Amino acid sequence: MYRSVKTIIACASILIGTSLTAQQYRATAPRAASAAQNARGAVTVNGEQLYKEDIKDLKSKEVSQEVAAPKGGEIFLENNNRPIVVKTWAEQKVKVVTTVFFEGEGKLSDEEWFEKLNLSLRTLGNSVKIKSGNVTSGSYTVVGNSFAWNTDGIAVYNGQGQNIGTKSNTRRVVTVYVPANSKMDIETRYADIELGDMASLNLDITNGNVEGGNVNELKLRARYGNANFGSSKYAEVEFTNGRLTMAGADELDIDSKYATIEIGSSKKITMRSTNDEYELEEVGSLSGRKNYGNLRITKLNTSLEMDGTNADIKVRNVSASVDNISIDNKYADIRIPMRNVNNYAVDFTGPYSTVYGNFDKKPMPIADDKTKTENNQLRWAEVDSNNPSRFTAKVGDGGAKLVLKCQNCTVDLK
């Protein structure tokens, strides 16, 4: 990474403390500029990239490699700093395609270009390995007393495959074709990835966005990026700092932090959430822990079991088929409209809380730890009759069970 550093520093030292134009720079240090260009790309002076006027007749070429994919095998993809597109096809093989930019004749073979581009594709036992590494390219910028290396753009080569600079405002996309029934394991950094429908996917992504299709079995670990998927039969997700959108999942196990989560329809969700915003369109059963943030459910069908702190919970519609709601929370606003449920029983505990409902509250004794220890007795909550610290209530024959513990809360069950 630091080859020809002495040359570059010598070049920079001419400029530091001056405000030379690019034309003046050529006149005062043409050899230093040429050395810097050949070493690591282009020299940029006050925003002008000098090497661009030296690159003539820039061409592009699609290069590719392919290998047979063992049936039942797994495909591993390791990527750094390159946009990736994964497509499925009917062929029982894996193919990798990208584009190379060069000037001159460009007589290198596709295999030689892959080596120059830091791309590799090979079969290892019962699996296929793909590596897509970064090609260091860019320009040195000297403005005032600043001296920095910019990595915007992609590498440009001469006909012999030597890196001669960069092409800005361009992204080199790597397209990977895999059999439709493939199991894929992908690890990618600092790049976006686009995926089609897949049978099985294990994706670990950092600092990048994902655009995915339907995945039967999905394992996703994502940090600092956004992800968009279709439907899954089973999904296991760890998500931090970003937005996740899924059309739905029959079963979803999710651990999230500082994120926005949007899920369509799901039969079963198990969640662990810290400081997130959750939007669930329709869910059968939901259980887990949520600290801080919001949980919004458009329709709840069967059950809700949740504990946490400072987590607001709002349900728009509760199905008549719901059978269990259990919440242990504090410092929260909770809205669970029970108007469509004809039979349910409420057991509420929570000092300094206000509960609204279409039922009569029956105050109950609560345990006072000190009194119970000294006298082995219970005492009644010392609150007004409209808001007892603990009460029970019953609507109809009391079919569905609501067990709610919430201190310093506002609870609306109307």
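Predicted model, so just to flag it, every value in this text is computed and none were measured.

Structural notes on the overall build of the protein chain
Along its length, the protein chain carries 5 helices and 30 strands. Counting all 414 residues of the protein chain, 43% fall into the buried class. Intrachain contacts of the protein chain at a sequence separation of at least 6 include 46% that bridge at least 24 residues. Here the protein chain has roughly 20600 Å² of accessible surface; of this, 43% comes from carbon and sulfur atoms.

Description of the nonpolar core
In this structure, Leu220 and Phe229 are the most contacted members of the largest nonpolar core, which totals 87 residues. In terms of residue count, strand β19 (residues 227–309) provides more of this core than any other element does, 24 residues in total. Residues contacting leucine 220, with those up to four places away along its chain left out, are Leu203, Ile205, Ala227, Phe229, Glu236, Val237, Glu238, Phe239 and Leu244.

Quick notes on the confidence of the model for the protein chain
Should the pLDDT be low somewhere, the predicted coordinates at that spot are not to be read in detail. Mean pLDDT over the protein chain stands at 82; residues scoring 70 or higher make up 74%. Here residues 1–55 is modelled with pLDDT under 50, and outside its nearest four sequence neighbours on either side it reaches 95 contacts, counting other chains as well. Note that residues 137–152 has pLDDT below 50 and, in this model, 55 contacts with residues that lie over four places away or in other chains.

So, the state of the cysteines
For the coordinates displayed, the defined rule picks out 1 disulfide. One disulfide bridge connects cysteine 406 with cysteine 409, the sulfur atoms lying 1.9 Å from each other. On the sign convention where negative is left-handed, the bridge of cysteine 406 and cysteine 409, at about -70 degrees about the S-S bond, is left-handed. Of the two residues, cysteine 406 and cysteine 409, both sit in the buried class.

Considerations on the layout of surface pockets
Picture a little ball the size of a water molecule; that probe, rolled over the atoms, points out where space is still empty. Counted as a void, the second largest pocket has a volume near 200 Å³. Considering the residues around the second largest pocket, the lining is formed by 15 residues, among which Asn202, Lys219, Leu220, Arg221 and Glu238 are closest to the centre. The set of elements that each furnish at least two residues to the lining of the second largest pocket consists of β14 (183–189), β16 (198–206), β18 (215–223) and β19. Per element, the largest residue contribution to the lining of the second largest pocket is 6 residues, and it comes from β19.

Cut-offs applied
Counting restarts for each chain, with residues numbered from 1 along the sequence as it is written. Given that the model is predicted, a residue must reach a pLDDT of at least 70 before its local features are reported, and side-chain atom pairs must reach 80 or more before they are shown or counted; all residues, however, enter totals for whole chains, interfaces and linings. Side-chain numbers come from the whole structure's heavy atoms, not from hydrogens or water. Note on conventions: DSSP H or I runs of at least 4 residues are helices, E runs of at least 2 residues are strands, and numbering of each starts at the N terminus. Burial here depends on accessible area, computed with a 1.4 Å probe over protein chains only, as a share of the maximum for the residue type. Under 20% is buried, over 50% is exposed, and the range in between is partly exposed. The contact definition used throughout considers only heavy atoms, calling two residues in contact when any of these lie within 4.5 Å. Working definition of accessibility: Shrake-Rupley area with a 1.4 Å probe, residue cover restricted to the visible protein chains. The nonpolar core is taken to be a set of buried Ala, Val, Leu, Ile, Met, Phe, Trp, Tyr and Cys residues, with the residues joined through side-chain atoms within 4.5 Å. Every residue is assigned a pLDDT by the predictor, reflecting its confidence on a scale from 0 to 100. To count as a disulfide, a pair of cysteine sulfur atoms needs to be within 2.5 Å. Here a cavity is any set of points on a 1 Å grid over the protein atoms alone where a 1.4 Å probe fits but cannot get out, and a pocket is any open set with protein on both sides within 12 Å along at least 5 of 7 lines; a residue lines the site when it has an atom within 4 Å of a point. Grid points are joined across faces, edges and corners, and a volume is the space filled by probe spheres set on the points.

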